[in-house]
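# Report on the structure
Residue strings, one per chain:
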Amino acid sequence: MDPTIGAVARVFSGIKPTGPVTLGNYLGALRNWVSAQADDDCLYCVVDLHALTVPHDPAELRALTLELATVLVAIGIDPDRSTLFLQSQVHEHAELAWLMECTASVGELRRMTQFKEKAGDHEFVSAGLFTYPALMAADILLYDADRVPVGDDQRQHLELARDLATRFNHRFGPTFTVPEAGIPAVAARVMDLQDPTRKMSKTEESPQGVVLLLEDPAAIARKIRRAVTDTGAEVRYDPEAKPGVSNLLAILGAATGQDPCVLAGKYEQYGPLKADCADAVVELVRPIQARYAELASDPGTVAEILSRGAGKARALAGPVLDRARAAVGLLPR
Ligand code: AQP
């Protein structure tokens with residue numbers, strides 16, 4: 001018998017406080033964070049160190065960090081079941097990141113498409129943006145995570161984390177668990193409503209194309225009703241040929257637990273699809289917004305949850321970091 005059958009898996013994932021949480025973040029990753037809690041041992045992290053890789057305003061970062069942690073509790077991350085914490089409050093992340101930077105090659109970091117997209121032709125590109133995937137690998141490996149629920153855009157970084165764990169284990173002896181990516185079958189990459197060939201993003205300057213989880217429901221419905229669709233009137237799930245309609249079908253499917261291909265058969269025109277999609281998303285966000293309003297009125301509660309979470313995370317991360325330090329030949333502290 002497979003000894004892992006019935007065993008509790010360790011799950012880890014993180015989100016950057018770079019902007020207000022989008023529907024893409026929620027459908028692609030966060031709702032799977034919530035469902036994983038039923039069976040698994042979960043750690044969830046607001047990865048604030050990652051937010052420093054791009055230009056930012058310190059006061060805004062503080063506000064976004066607290067807002068994001070509050071959103072995570074509002075969507076259903078249960079601090080009594082899962083460990084919820086801030087990356088910067090567990091210093092082991094930064095220290096293991098150095099070991100990962102020394103395990104990764106410049107060539108493989110250079111191949112990361114997110115680095116190329118974010119670096120673009122900006123005059124200033126931080127070294128941190130380049131080494132970001134090494135920090136992300138450290139985040140995951142510090143907790144012996146078996147599974148990492150992420151959206152499709154993080155697939156390449158996750159693959160790198162697996163490669164680094166495998167390389168480290170090969171060079172220095174068994175040290176890290178090699179994690180699997182948990183990418184959802186539906187809505188793994190929610191696209192911008194105004195440009196469905198581009199990912200919906202927190203930091204994208206596309207006010208009409210990005211749906212925010214905490215946005216006024218009437219504004220959400222308006223954006224979805226005005227989403228760019230494709231030429232031809234046929235409703236078909238075909239992300240290549242019909243990216244706009246397929247995006248709406250994926251959003252509606254994810255929001256209502258239905259298969260986008262099956263859903264497509266129920267519509268003959270774009271209008272009713274947009275109307276149903278708007279209603280479904282509004283229903284999805286309503287209870288989250290109500291819970292968020294309650295929690296935000298008492299910021300002390302979330303601060304206490306984060307402090308407790310950091311304590312629990314440190315207790316797990318410390319021994320793993322010590323294991324990695326010893327493996328590479330660093331003397332004990
Ligand atoms: N559009 C998306 N569709 C599905 N999943 C998505 N995710 C992000 N955008 C989509 C998933 O959300 C989780 C948290 O993302 P992140 O904060 O780690 O950074 P990101 O992937 O770079 O997301 P953003 O929103 O695009 O942030 P910025 O603008 O700061 O780069 C991840 O699991 C991600 O896959």
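Residues numbered from 1 in each chain as written. Predicted model: local features only at pLDDT ≥ 70, side-chain atom pairs only at ≥ 80, totals over all residues. Heavy atoms only, no water.

## A look at unusual backbone geometry
Applied cut-off: Under the DSSP-based scheme used, a helix requires at least four consecutive residues in state H or I and a strand at least two consecutive residues in state E, with every element numbered from the N terminus.
Positioned with a positive phi, aspartate 144 is a non-glycine residue whose angle comes to about 50 degrees. By the secondary structure assignment, aspartate 144 is in the loop between helix H7 (127-141) and strand S4 (147-149).

## Some words on the site of the ligand
Let me state the cut-off plainly: Being near a molecule or strand, for a residue, means having at least one of its heavy atoms within 4 Å of it. Counted as a polar contact is a pair of N or O atoms within 3.5 Å, where, for protein atoms, one must be capable of donating a hydrogen and the other of accepting one, and residues adjacent in sequence contribute only when both atoms are in side chains. Accessibility throughout is a Shrake-Rupley quantity obtained with a 1.4 Å probe, and a residue counts as covered only by protein chains that appear here.
Close to the ligand lie 23 residues; Lys118, Asp153, Ser201, Lys202 and Thr203 are nearest. Interatomic distance of 2.9 Å between a backbone N/O atom of lysine 16 and an oxygen atom of the ligand. For the ligand, an oxygen atom lies 2.6 Å from a polar atom in the side chain of threonine 18. Burial of the ligand by the protein chains amounts to 98% of its free accessible area of 630 Å². Secondary-structure elements contributing two or more residues to the shell around the ligand are strand S1 (10-15), helix H1 (23-36) and helix H6 (113-119). Counting residues per element, the shell around the ligand draws most heavily on H1, which supplies four residues.

## Focus on the packing of aromatic side chains
Pairs of aromatic rings are described using the distance from one ring centre to the other and the angle between the two planes. The test is simple: Within 6.5 Å between ring centres, the rings of Phe, Tyr and Trp (the latter by its six-membered ring) count as paired, and their orientation is classed by plane angle as stacked under 30 degrees, edge-to-face over 60, tilted in between.
Scanning all chains against the criterion turns up six aromatic pairs. Among the aromatic residues, those joined into a cluster by ring pairs are Phe12, Phe85 and Tyr143.

## Focus: a nonpolar patch on the surface
We apply this condition: Put simply, a patch holds well-exposed residues, over 30% relative accessible area, that have no salt bridge, with like charges counted together within 9 Å and Val, Leu, Ile, Met, Phe, Trp or Tyr side chains within 5 Å. The rule for a salt bridge is simple: a side-chain nitrogen of Lys or Arg has to be within 4 Å of a carboxyl oxygen of Asp or Glu. For the exposure calls, accessible area comes from a 1.4 Å probe over protein chains only, and a residue counts as buried if that area is under 20% of its type's maximum, exposed if over 50%, partly exposed in between.
On the surface, a nonpolar cluster with roughly 220 Å² of combined accessible area is contributed by Phe172, Val328 and Leu330. Here valine 328 lies in helix H13 (residues 299-328). Accessibility expressed as a relative area gives 30% for valine 328, which makes it partly exposed.

These results come straight from atomic positions and should not be treated as a statement about function.
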